[in-house]
Amino acid sequence: MAPLVAAHGLRKSFGKTEALRGVGFEVAEGEIYGLIGPDGAGKSTLFRILATLLKADGGTATIDGLDVLAHYRPLRRRIGYMPGRFSLYQDLTVEENLAFFASIFGTTLRENYHLVADIYRQLEPFRHRRAGQLSGGMKQKLALSCTLIHAPRLLLLDEPTTGVDPVSRKEFWDTLRRLRDEQGITVIVSTPYMDEATQCDRIALIQEGAFLRVDTPQGIVDAYADTLWAVRSDRMHRLQDDLHRYPAVRTAFPFGETFHVTLHPGASARALCRHLEDCGHNNVEVRPICAGIEDCFMSLMKKSHES
Amino acid sequence: MNQPNYKLMIIRYLIEKEFKQLLRNPILLPVFLVLPVIMMTVLPRATTQEVKNLHVCIVDHDHSTWSARLVHKLSAFPFFSSTWAASSYREALHHMEAGRADFIIEIGPGFERELVAGRHSRLRIAVNAVNGVQAGLGSSYLMHLVADYAARLQAETEGTSGHGAAGIEVVSRCLYNAGLDYKAFMVPGLMAMLLTLIVGFLPALNIVGEKEKGTIEQINVTPVRRWEFILSKLVPYWCVGGFILAYSMLLARLAFGMVPAGSIGTIFLFATLFTLVVSSLGLMVSNYSDTTRQAALVMFFFLVIFILLGGLLTPVASMPSWAQTLTLANPLRYFIDAMRALYLKGSTLRDLFPLCRALAIYAVIVWTWAIVSYRKH
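The model shown is predicted, which means the values in this text are computed figures rather than measured ones.

## Remarks on the domain arrangement of chain A
Phase 1: Here chain A is partitioned into domain 1 (5-221) and domain 2 (225-290).
Phase 2: Here the C-alpha centre of domain 2 of chain A lies 40 Å away from the C-alpha centre of domain 1 of chain A.

## Focus on the confidence of the model for chain B
Caution applies to low-pLDDT parts of the model: their predicted coordinates are not meant to be read in detail.
Residues and elements named next belong to chain B.
Phase 1: With 92% of its residues at a pLDDT of 70 or more, chain B shows a mean pLDDT of 84.
Phase 2: Throughout residues 161-167 the model reports pLDDT below 50, and contacts reaching past four residues in sequence, or to other chains, amount to two contacts.
Phase 3: In the predicted complex, the global pTM is 0.78; the interface-specific ipTM is 0.79.

## Quick word on the interface of chain A and chain B
Phase 1: Every contact between the two is made by 28 residues of chain A and, on the other side, 26 residues of chain B.
Phase 2: A buried area of about 2700 Å², summed over both sides, lies between chain A and chain B, and 56% of it is on carbon and sulfur atoms.
Phase 3: On inspection of chain A and its partner chain B, the count reaches three salt bridges.
Phase 4: Connecting chain A to chain B are 12 residue pairs in polar contact (both at pLDDT 80 or more).
Phase 5: Mapped onto the side of chain A that touches chain B, the elements with two or more residues apiece are α2 (72-76) and α3 (94-104) of chain A.
Phase 6: Broken down by element, the side of chain A that touches chain B gets its largest block of residues, five residues, from α3 of chain A.
Phase 7: When grouped by side-chain class, the residues that make up the side of chain A that touches chain B number 14 nonpolar, five polar and nine charged.

## Here's the deal with the sheet that holds strand β10 (residues 210-215) of chain A
Whether parallel or antiparallel, the strands of a sheet pair through hydrogen bonds between backbone atoms.
Residues and elements named next belong to chain A.
Phase 1: The strand order β6-β7-β8-β3-β9-β10 describes an open sheet built from six strands, whose pairing is mixed. The sheet is open, and its two borders are formed by β6 (79-82) and β10, each paired with just one other strand. The mean inter-strand angle of the sheet, taken between neighbouring strand axes irrespective of direction, is 15 degrees.
Phase 2: Pairing of strand β7 (residues 154-157) with strand β8 (residues 186-191) involves four bridges; the strand directions are parallel.

## Details of the pairing of strand β11 (residues 228-232) of chain A
Residue and element names in this part refer to chain A.
Phase 1: The buried count for β11 comes to four of five residues, which makes it a mostly enclosed element.
Phase 2: Pairing analysis gives five bridges linking β11 to strand β14 (residues 285-289), with the strands arranged antiparallel. The residue bridging V231 from the neighbouring strand is V286, located in β14.

## A look at the nonpolar core
Phase 1: L157 of chain A together with M191 and F270 of chain B are the most contacted members of the largest nonpolar core, which totals 129 residues.
Phase 2: Considering every element that reaches this core, the biggest residue donor is helix α7 (residues 182-213) of chain B, with 17 residues.
Phase 3: Apart from residues lying up to four places away in sequence, M191 of chain B is in contact with M40, L245, S248, M249, A252, M339 and Y343 of chain B.
Phase 4: In terms of nonpolar packing, the next biggest core, distinct from the first, is built from 32 residues, L4, L46 and I63 of chain A together with V221 of chain B among them.

## What to know about helix α6 (residues 166-183) of chain A
Residues and elements named next belong to chain A.
Phase 1: Relative to the 26 Å expected for 18 residues at 1.5 Å per residue, α6 spans 25 Å between its end C-alpha atoms, a close match to the ideal helical length.
Phase 2: As for α6, its buried residues are in contact with β3 (32-36), α4 (113-123), α5 (136-148), β7 and β8.
Phase 3: For α6, the capping residue at the N-terminal end is D165, with a side-chain oxygen 3.2 Å from the backbone nitrogen of V167.
Phase 4: Directly beyond the C-terminal end of α6, a positive phi value near 70 degrees is found at G184.

Procedures and definitions
- Residues numbered from 1 in each chain as written.
- Chains lettered and ligands numbered in written order.
- Predicted model: local features only at pLDDT ≥ 70, side-chain atom pairs only at ≥ 80, totals over all residues.
- Heavy atoms only, no water.
- Domains from an automatic or database assignment.
- pLDDT = per-residue confidence, 0-100.
- Contact = heavy atoms within 4.5 Å.
- Buried area = accessible area lost by both parts, 1.4 Å probe.
- Salt bridge = Lys/Arg side-chain N within 4 Å of Asp/Glu carboxyl O.
- Polar contact = N/O pair within 3.5 Å; in protein donor to acceptor, adjacent residues only side chain to side chain.
- Helix = DSSP H or I, 4+ residues; strand = E, 2+ residues; numbered from the N terminus.
- Nonpolar A, V, L, I, M, F, W, Y, C, P; charged D, E, K, R; others polar.
- Pairing = 2+ DSSP bridges.
- Axes fitted to C-alpha atoms, helices over the stretch in contact; angles between N-to-C directions.
- Buried < 20%, exposed > 50% of the residue type's maximum accessible area, 1.4 Å probe, protein only.
- Core = buried A, V, L, I, M, F, W, Y, C linked by side-chain atoms within 4.5 Å.
- Expected span 1.5 Å × (residues − 1).

What follows is the structure in structure tokens.
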């Protein structure tokens with residue numbers, strides 16, 4: 001089956017800053033495709049190009065067989081774009097916003113109610129409240145409803161969960177999966193939260209305008225070749241310096257309560273442990289762990305910098 | 001789906017949305033209601049350029065009957081609010097320095113004697129010319145008063161001597177504004193200015209406001225077309241402009257009993273064209289700006305220039321010719337001209353056709369520009 005989204009060699013610069021340096025990828029129909037990367041990696045630029053809001057300097061992109069430049073007009077009916085910032089009319093009520101966006105696409109809330117039903121049900125008690133007065137989670141539900149109301153085939157969601165509480169975030173991902181399963185809607189979603197990456201069918205790790213790697217979350221984790229050690233002691237503030245100074249340590253990144261450490265070939269965890277104790281650390285703990293997406297991302301980032 | 005019908009519906013929904021937002025703005029409604037009241041009741045009185053309330057200091061060295069008559073005549077003049085008497089020119093000058101006198105009139109010691117003897121007698125008039133308009137008008141009032149006084153004296157003395165001289169009486173009559181009432185001149189101009197302020201500033205802040213809030217992104221991914229979007233932004237300002245004009249015409253009638261001499265329909269035709277010009281200009285500024293602050297600043301520059309070069313305060317005819325040429329690019333100038341002609345002269349659309357055509361051409365240009373400068377990509 002032909003992919004729903006196909007991009008080849010997309011490039012975009014703003015002045016001297018290269019936001020995208022030749023990005024190509026394909027998204028299959030009914031897939032939740034995650035763009036994972038830090039701020040400034042080029043995620044929003046990519047979204048704006050796909051949403052027909054920005055012209056790429058080079059490369060092509062087609063969605064559902066329609067070119068984003070040549071066929072932008074019919075394309076706008078098939079995509080639902082939700083910008084990173086809340087961008088509905090704050091001085092209109094929940095119901096008015098939804099009715100407005102339905103109307104300008106020539107449809108009505110009633111006609112497409114089935115698409116937004118399970119989100120809108122939670123909003124209904126507030127339907128006469130102005131959008132500006134909703135909580136963060138509610139705003140985001142409203143934004144998703146407005147993006148869905150014209151029955152798009154593809155959702156482009158730019159950091160939809162940023163600034164949203166953990167419960168709402170979880171509900172949000174449940175909703176996306178339901179839309180995929182029940183309506184067959186394809187989703188491209190970006191997030192700065194690595195823990196959300198595992199919710200996607202496939203993810204692209206993006207850094208400085210280039211894709212580092214595209215795979216399923218499991219595939220990315222499986223490809224992690226090194227042994228990873230979680231290291232902690234009771235003098236955490238000194239641990240970082242002492243780890244970096246130890247020649248056998250290749251990388252050491254802080255992860256909450258512990259440091260995730262990789263060692264050069266041939267070095268042993270036992271030796272590291274002894275070294276740290278010699279440096280005056282007590283209760284030193286060094287144990288092997290399974291790598292997460294973030295570890296893979298850090299290691300890929302470091303590799304791409306080195307090369 | 002019926003295509004043309006659907007297009008109309010989109011525009012209807014867009015306009016409906018603009019109205020909702022306009023009316024929900026907690027500041028705008030009071031502005032619409034209060035600003036016209038201030039503009040129509042306070043400003044016509046305050047922006048008067050009639051020179052009134054002049055302070056005159058009289059130094060009478062003669063103390064004769066004829067000098068007393070002159071002093072009496074001057075004090076009775078309604079534009080002089082106070083007359084001081086000083087014993088010397090020095091003292092009078094002191095009053096002027098202290099800001100208590102705008103004019104000094106010094107009557108020489110032999111004033112009556114010289115006049116009776118049929119010789120010229122002299123008056124000294126000193127003017128504080130810091131305010132040029134006041135000095136110019138005030139001294140011309142004084143000249144008139146003194147000349148009038150002299151003529152009367154001459155008549156009296158000639159009457160007694162029996163030599164009648166043929167006098168030339170000049171009677172001037174002001175057409176269209178019989179009372180030479182400054183308010184009648186200002187009110188139509190202030191209406192034009194009010195309209196400029198409201199329908200100029202609001203659109204300038206509108207699109208850029210959507211840019212700042214990010215809502216424009218959401219609109220840009222919809223099938224709404226540029227002209228539909230711009231049209232939906234203009235229509236509400238037409239309505240607001242119409243309302244503001246009708247409201248201020250009512251206020252002018254209540255406050256000063258002013259009713260237009262010309263047709264109300266023609267006034268609204270001009271107002272419609274003018275609103276289209278100014279609000280398109282506002283939208284244009286909005287399109288080119290990134291923040292509301294930029295837009296407000298740029299619009300402010302435009303409006304100040306429009307107002308000062310529009311003939312609201314300084315008559316266009318008394319500007320240097322290069323400045324008069326500049327006013328041809330000023331839509332406010334046409335509108336003020338038309339409003340004054342319609343209110344005071346009772347001109348017809350046929351009389352005002354050149355103004356109407358100028359505004360219409362202007363409207364087409366800026367509206368097209370507003371649409372073209374709104375870029376989705």
